[in-house]
Each structure stands twice: as structure tokens, then as C-alpha cells.
Amino acid sequence: MKFSKLFIPTTKETPNDATLPSHQYLVRAGFIAQTGAGIYDFMPLGKIVLDKIRTIVKNAMDDAGANEVQFGFVTPLSLWEESGRANTMGHEMLRFKDRKNSEFVLSPTNEESVVNMVKNRITSYKELPVHLYQINTKFRDEARPRFGLMRGREFLMKDGYSFHANEEDLVREFNLMEETYRKIYTQLGLNFRVVAADSGAIGGSGSKEFHVLANSGEDTIVVCDSCEYGANIEAAVRKKRHFNAWYENTELSVKTEKVQTVGFKTIEEVSNFLSVSKAQTIKAVIKKAIYENTNRVVIFFIRGDDELETTKACNSVDALELIDISEEEIAQAGLCAGYVGPFNLPKNVTYVIDQEIKDEQGLVCGANEENYHLINSDLSSLKEANYFDLVAVQEGDTCACCGGKLSYTKGIEAGHIFQLGTKYSAAMNANFLDENGKAKPFIMGCYGIGVSRLVAAVIEQHHDDKGCIWTKATAPFMVDIIVSNAKNEEELTAGEKLYNELKSKKIETLLDDRASARFGFKMKDFELIGFPYAIIVGKKLSENRVEIVDRRTLEKTEIELSKAASYLETLINKG
Ligand code: ATP
Ligand code: MG
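Residues numbered from 1 in each chain as written. Chains lettered and ligands numbered in written order. Predicted model: local features only at pLDDT ≥ 70, side-chain atom pairs only at ≥ 80, totals over all residues. Heavy atoms only, no water.

## Brief notes about the overall build of the protein
A count of helical and extended segments in the protein gives 13 helices and 31 strands. Taking the principal axes of its C-alpha atoms as reference, the protein extends roughly 95 × 65 × 50 Å. Excluding contacts between residues fewer than 6 apart, the proportion of contacts in the protein whose partners are at least 24 apart in sequence is 69%. Put simply, the protein shows about 26600 Å² of open surface, and 47% of that area lies on carbon and sulfur atoms. Each charge sign in the protein was given a centre, from 70 positive and 83 negative side chains, and these centres are 4 Å apart. (Helix = DSSP H or I, 4+ residues; strand = E, 2+ residues; numbered from the N terminus. Contact = heavy atoms within 4.5 Å. Areas by Shrake-Rupley, 256 points an atom, 1.4 Å probe, with all protein chains shown as cover. Lys, Arg positive; Asp, Glu negative; His and termini not counted. Charge placed at Lys NZ, Arg CZ, Asp CG, Glu CD.)

In C-alpha cells, the structure reads:
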């Protein structure tokens with residue numbers, strides 16, 4: 001392809017809201033153009049990259065035996081009513097009515113569509129398993145679309161759904177998908193990590209996320225320095241901590257006592273005043289839990305030196321979301337802000353206690369009375385309490401698998417695989433007959449890859465202060481032949497000859513033959529767009545020599561014109 005014939009509108013202008021390199025460079029290098037909040041068009045170079053990623057994903061899915069299909073981008077709301085998600089998807093799902101007043105949605109995901117496709121078409125265990133996938137547009141009316149392709153409202157996803165007659169077969173497919181995804185990200189040239197994840201609103205159990213490691217990632221990943229353990233902070237666990245009560249291992253029988261703590265409301269103040277460590281106090285985090293048609297006040301009790309992990313907390317009370325609560329609302333619930341503890345709470349108040357402090361003794365907590373705390377509390381006396389893992393693992397905590405140290409790293413979620421179970425098949429009455437002729441709901445798995453998010457993720461991991469540096473598998477072209485002065489016949493002819501030579505070697509090459517652009521400009525475009533290699537055909541041509549530039553290192557190698565194509569071929573094949 002010739003540069004002069006390709007629409008590549010590069011620019012020096014950075015969009016105002018673009019904070020991430022991938023967002024800035026993809027716009028500046030003419031890959032994408034924004035048309036609305038979280039909505040992007042792909043220009044020619046962007047489309048080439050998107051299709052490359054799409055093809056790698058498609059080939060891997062086909063190799064794994066999945067069947068490609070295509071669901072309508074628009075689905076009738078009735079399908080979502082059948083599954084029950086019409087009420088739980090919230091504002092992310094965009095709904096609209098047609099001229100006949102029928103309701104529809106723009107697909108944010110397609111569990112309902114796939115169950116609808118398979119239902120009554122597969123009726124026997126003999127026809128299972130089957131795995132259907134598509135690579136298609138999704139729309140989610142994200143609260144904060146941002147970071148360019150990273151969190152769009154309209155985006156491209158590979159979504160696959162498998163159907164099984166039993167759990168073992170689901171686990172087999174789940175493992176096959178993990179392996180398939182590993183191949184995909186490796187082939188794309190990405191440094192990634194597979195981690196344990198929360199299953200979120202889609203439901204089900206057993207889920208793993210695939211994270212492209214990059215400092216700009218929105219997700220915090222907990223990793224162990226000594227073993228393979230990795231988990232999204234929303235699902236990460238650590239070794240239980242235990243702190244001896246001062247009277248533990250003594251003969252003393254110690255009673256819980258109420259002590260005056262006038263005006264001391266924060267963990268800091270209370271632990272200083274009573275001379276105990278923060279870990280030996282109980283912190284009350286009060287939130288409002290939002291449900292489909294109602295809401296309620298919930299208190300989460302955790303150790304004083306821990307932080308509440310919102311996703312875990314939300315799951316513990318099956319809420320759609322947790323929001324902050326005002327002092328007035330706390331008072332209305334009969335609670336005394338700053339002095340809330342798990343003992344003697346007003347009746348009907350919902351509370352959950354962090355699993356780590358189950359049965360713990362000797363902790364300090366609020367007395368549910370203004371200006372008073374309890375010391376020497378005994379949580380084992382709370383027989384009716386609900387315990388749940390509620391806290392965020394902190395850096396330096398101990399790994400539950402091997403005793404190593406846990407630390408944080410940042411990741412971009414590029415894929416997610418779930419063992420769904422029968423949630424959707426049961427709700428939508430999609431059954432098959434098992435070996436004994438008994439009707440059972442399909443056991444399902446679902447598997448997503450953020451195809452358009454990957455375009456941005458490649459750049460987040462591979463760029464410098466000059467622009468993009470595409471990996472070999474994702475580069476729109478492998479080589480950019482820069483004809484320094486395209487008005488010079490000799491240079492242009494030599495460039496064209498090289499171009500044909502590389503093409504005959506099946507190397508994807510772009511010939512920068514623009515007569516109107518100067519060498520410096522062409523070089524800047526090469527650096528900004530980020531093709532893996534450039535060949536400069538310039539002044540050295542009089543000595544029959546050209547220069548090869550490696551985009552990653554920007555190192556230049558001079559070489560004889562006649563050897564340039566084979567030299568590059570070797571470089572490229574070296575991997
Ligand atoms: P996130 O936590 O980032 O919102 P999610 O859990 O909602 O992701 P899934 O429903 O599992 O995502 O979707 C599968 C994949 O689609 C994700 O792993 C991600 O790569 C991609 N994806 C999700 N939301 C977006 C978005 N708004 N823009 C671009 N890609 C997205
Ligand atoms: Mg999401």
C-alpha cells in the first residue's frame with residue numbers, strides 16, 4: 001500500500017480529555033476518531049489493527065471447536081424479561097421503543113440471545129456440548145466512558161457461550177478456554193496475567209480474568225512474590241491474621257466493659273486513647289444498599305486497620321450497589337455515628353462481620369451509645385451474625401497459598417471467563433433430556449474478550465514518548481519504506497523496487513511516497529504510528545545503501561540496498 005493512497009490523518013493535536021497514551025496516540029496517529037462520548041469510528045489504520053486482533057481471536061476460537069454465529073445487535077426486551085435481567089441491568093442497558101411501541105435494547109451482552117437460539121433446537125444430551133461465539137458490537141451506557149477505546153460505550157467484544165450436560169464437561173471447556181485465551185494474548189505479544197475474579201452481575205461461580213499488565217490499568221491485581229497466586233482485588237484473599245488479646249494465655253477471666261470515650265469517634269482517636277493497636281479495634285462502615293425496588297442501611301464490621309472492599313461487601317448483602325449514607329440517615333436508623341458496634345444494635349438493622357474477626361476476643365468496638373466504647377469484647381457470643389470476607393487485601397499481607405508476600409500491580413481487563421451454571425437456562429426454561437430422559441436446564445459457561453479494548457491495551461503496554469510501538473502481530477504494516485525525497489526519481493524507483501521485493505516475501509509494507517511531505521515529517525509519522533520497522537531511502541542511495549530503523553529502540557542500521565529485504569525478513573522472523 002502507498003501512503004499517498006491511504007487515509008491517515010495524523011495530527012499534533014491531543015484531545016483535551018485524553019490522559020492515557022493509547023487514547024492520545026490512537027487519535028493523533030489517525031487510527032480512531034471520536035463521534036460522541038465513548039463512541040469511536042475506526043479509520044483505515046485502526047480498522048486494519050482491529051481486524052488483525054479479531055482474526056487472531058477468531059482463529060483461536062475456531063481451533064478450540066467453537067462455532068461462530070452472529071446475534072442481532074438489537075434484542076427484544078422480552079428476552080431480558082424472561083431472564084429477569086430487565087430489572088437488574090440498570091442504566092448500562094440502553095432501551096428504546098420502535099414505531100409500534102415495542103421495547104428493545106442494544107445488546108450489552110448476549111446470554112439471553114444465545115439461550116433463545118439453542119432453546120428447543122438442542123433437546124438431547126447427545127447433541128451437547130456446543131460452544132457458540134460471535135465477535136460483534138456491544139453497547140453499554142457506561143456511567144463514565146473514558147480513556148478512548150478502553151472504556152467505550154460502543155465497543156467490539158468476542159463473546160462465547162457453551163452448553164453442557166454436566167459440570168465436569170463445563171470445567172473441561174472452561175480450562176480449554178483458559179488455554180485458548182493464553183494462546184491469544186501470547187500471540188498478540190502481550191505481557192499478561194490470569195487471575196481469580198469476582199463473578200459480578202453476570203452471576204455464576206468460578207471465574208478468571210485476563211489482565212494486560214500496564215501502570216495505567218483501572219484494575220488492582222494482587223500478586224504473590226513467591227507463587228503463581230494472582231487475583232483481582234475484588235476477589236483476592238490473604239492468610240488470616242490473628243492478634244492475641246492481652247489476656248489470652250492467662251488464667252484471668254476478663255469481662256467486657258463499657259468505657260467512656262468522650263468525643264473520640266475515629267479509629268485513630270479511639271486506639272490512641274485506649275492504647276490498643278488499630279488492628280485490635282472494630283471499624284463500622286455504614287452504607288446504603290440499593291436493591292431493585294428498595295434500599296436499606298447496612299453496617300459492615302471490619303478490623304480497624306482494614307479497608308472495606310466494595311465489591312465483596314456488595315456481594316455479601318446481594319445488593320445492586322452500595323452508596324454512601326448521610327449522618328442524618330445514620331441517626332434515623334437509630335445508630336450513633338462514631339460509636340457503632342456489633343453488640344446491642346437496634347433491632348432490624350442489617351450487619352455483616354468480616355470473616356477474619358469471627359470469634360475474635362478482646363477487640364475494642366463502639367457501644368452503640370454516645371461517648372462510649374466496649375473493651376474486651378467477645379465476638380464468639382454473637383451467635384446469629386453473618387460472616388463474610390469483606391476486606392481489601394493490602395500490600396505486604398501474607399499469601400494464603402504459600403506464605404509469600406502479596407503486592408499490587410495494575411492491569412487492564414482484556415478477558416473474562418465464567419462458569420455460569422444454570423442461571424439463564426433455568427430462568428428461560430431451556431432444557432435438554434439427560435441419559436435417563438429427564439429434563440434438565442443446560443449447564444453453561446461464558447467467555448468474553450474485549451477486542452477493541454485490546455487495540456488500546458497493546459499501546460498502553462507498548463509505547464514511548466514519540467508514539468505507538470505495535471507488536472508484530474498487531475502492526476498495521478510491518479515495514480514503512482520512507483522515500484526521503486519522493487520528487488527524486490532515483491529514490492522513488494529504489495523505494496518501489498524494495499516495496500515489490502518485500503511484498504513478494506509476503507511482508508506487509510507501506511511505501512511513504514508522499515511528494516509533498518518532507519523527510520522529517522515522514523519520520524515523525526513513522527514514530528507516531530509505530531510500525532515495527534522503517535527503511536530510509538535517502539542520501540546514502542548514491543552509495544547504494546539504505547538505513548533500517550527499529551521502532552522499539554530507534555536504532556539505525558546501514559545496509560546495502562540489495563540486501564535490505566532479506567535482512568529485514570530475517571529480523572522479522574527472529575520474533
Ligand atoms: P469492566 O470491569 O472493565 O467494566 P466487565 O466485567 O463489565 O468489564 P465483561 O462483561 O466481562 O466486562 O465483558 C468482557 C470484556 O469486554 C471485558 O473483559 C473487557 O475486556 C471488555 N469490555 C467491557 N466493558 C467494556 C467497555 N466499556 N469498553 C471496552 N471494552 C469493554
Ligand atoms: Mg463493566
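## Details of the domain arrangement of the protein
Per the domain assignment, the segments of the protein are domain 1 (3-237 + 407-460), domain 2 (257-388) and domain 3 (479-573). For domain 1 versus domain 2, the distance between C-alpha centres works out to 37 Å. Between domain 1 and domain 2, the residue contacts involve seven residues of the former and six residues of the latter. For domain 1, the biggest contributors to the area lost against domain 2 are T88, D198 and E234; these three give 61% of the whole. At the surface where domain 1 touches domain 2, the tally comes to zero salt bridges. Applying the counting criterion to the domain 1 and domain 2 interface returns two residue pairs in polar contact (both at pLDDT 80 or more). (Domains from an automatic or database assignment. Buried area = accessible area lost by both parts, 1.4 Å probe. Salt bridge = Lys/Arg side-chain N within 4 Å of Asp/Glu carboxyl O. Polar contact = N/O pair within 3.5 Å; in protein donor to acceptor, adjacent residues only side chain to side chain.)

## Structural notes on the packing of aromatic side chains
Inspection of every chain in the model, using the stated rule, returns twelve aromatic pairs. Look at F96 and F104: their rings are 6.3 Å apart centre to centre, the planes differ by 25°, and that puts the pair in the stacked class. Ring plane angle 70° and centroid distance 6.0 Å describe the contact between F301 and Y351, whose orientation is recorded as edge-to-face. Of this pair, F301 sits in strand β15 (residues 295-303) while Y351 sits in strand β17 (residues 350-354), placing them 50 residues apart in sequence. We classify F301 as buried; its relative accessible area is 0%. Aromatic ring contacts, followed pair by pair, group Y181, Y185, F192 and F210 into a single cluster. It is K258 that lies over the ring of Y372; its NZ or CZ is 4.9 Å from the centre. (Phe/Tyr/Trp six-rings, centres within 6.5 Å; stacked < 30°, edge-to-face > 60°. Buried < 20%, exposed > 50% of the residue type's maximum accessible area, 1.4 Å probe, protein only. Lys NZ or Arg CZ within 6 Å of the ring centre and 35° of its normal.)

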